[in-house]
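# Coordinate analysis (summary)
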Amino acid sequence: DAKTTQPPSMDCAEGRAANLPCNHSTISGNEYVYWYRQIHSQGPQYIIHGLKNNETNEMASLIITEDRKSSTLILPHATLRDTAVYYCIVHAGGTSYGKLTFGQGTILTVHP
Amino acid sequence: GAVVSQHPSWVICKSGTSVKIECRSLDFQATTMFWYRQFPKQSLMLMATSNEGSKATYEQGVEKDKFLINHASLTLSTLTVTSAHPEDSSFYICSARAGLAGVRETQYFGPGTRLLVL
């Protein structure tokens, strides 16, 4: 799997959009960008994933650059409950799907 | 949809005893499940990959005779920590691969099991 680089921590005001960046300059053509988050003392929660097109679901939006070397997870209206560690993981999908490798992630703190 | 449960959520045991942790996919079938371990202030580390009906594949450095994995059905995988010692105290998390119609292919994680060995 390609390596990802994320800032170790970020702050965001409640109600504002949280934009979490991720660099994955060595991503391969068959690799997807996955985002998970882990709230303290819980198992990771799947957020979203995409291949090359931007994706949106009820939790977040994923913006992938045209060259696919970086992406941004957007939480449109952050709440205090969004405080968590956010992991960006690049991984092959389809029949190549297998284990995920977690890095250190970004600690997002949402403050009042 | 795509809910994974773990039981128990936490367990305290004496050194030398064995502990079994269950991981269930509640609303989908999972041919592949994964077991992770997380120590305080560290990221998740994959221990093993569990495939239904076959032997688990262990990551380098993980003792297969100490961490017994059984994936007897498409909705249940178990991890048994045999002869547990204090250094085995950790947060154990399972995940299940979902890739069926109506569920986008990804892994869904259980809530974790906190093990404390005294």
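Structure: above.
Here we summarise the structure given alongside this text. What you are looking at is a predicted structure, and each value in this text was computed from that prediction instead of being measured.

### Describing the interface of chain A and chain B
Chain A puts 20 residues into the contact, and the matching count from chain B is 19 residues. Both faces considered, chain A and chain B share a buried interface measuring about 1,600 Å² in area, 48% of it formed by carbon and sulfur atoms. Linking chain A to chain B there are zero salt bridges. For the interface between chain A and chain B, the tally reads four residue pairs in polar contact (both at pLDDT 80 or more). If you tally residues by element for the side of chain A that touches chain B, the top one is strand β3 (residues 31-38) of chain A, at three residues. Considering only residue class, the side of chain A that touches chain B consists of eight nonpolar, 10 polar and two charged.

### With respect to the pattern of salt bridges
All names here are of chain A. For the structure on display, the rule yields three salt bridges over all chains. Across the salt bridge formed by D82 and R37, the nearest N and O atoms sit 2.7 Å from each other. Separated by 45 residues along the polypeptide, D82 in the loop between β7 (70-75) and β8 (84-92) and R37 in strand β3 bring together distant segments of the chain. The two residues D82 and R37 agree in class, both being buried.

Definitions and limits used
Residues numbered from 1 in each chain as written. Chains lettered and ligands numbered in written order. Predicted model: local features only at pLDDT ≥ 70, side-chain atom pairs only at ≥ 80, totals over all residues. Heavy atoms only, no water. Contact = heavy atoms within 4.5 Å. Buried area = accessible area lost by both parts, 1.4 Å probe. Salt bridge = Lys/Arg side-chain N within 4 Å of Asp/Glu carboxyl O. Polar contact = N/O pair within 3.5 Å; in protein donor to acceptor, adjacent residues only side chain to side chain. Helix = DSSP H or I, 4+ residues; strand = E, 2+ residues; numbered from the N terminus. Nonpolar A, V, L, I, M, F, W, Y, C, P; charged D, E, K, R; others polar. Buried < 20%, exposed > 50% of the residue type's maximum accessible area, 1.4 Å probe, protein only.

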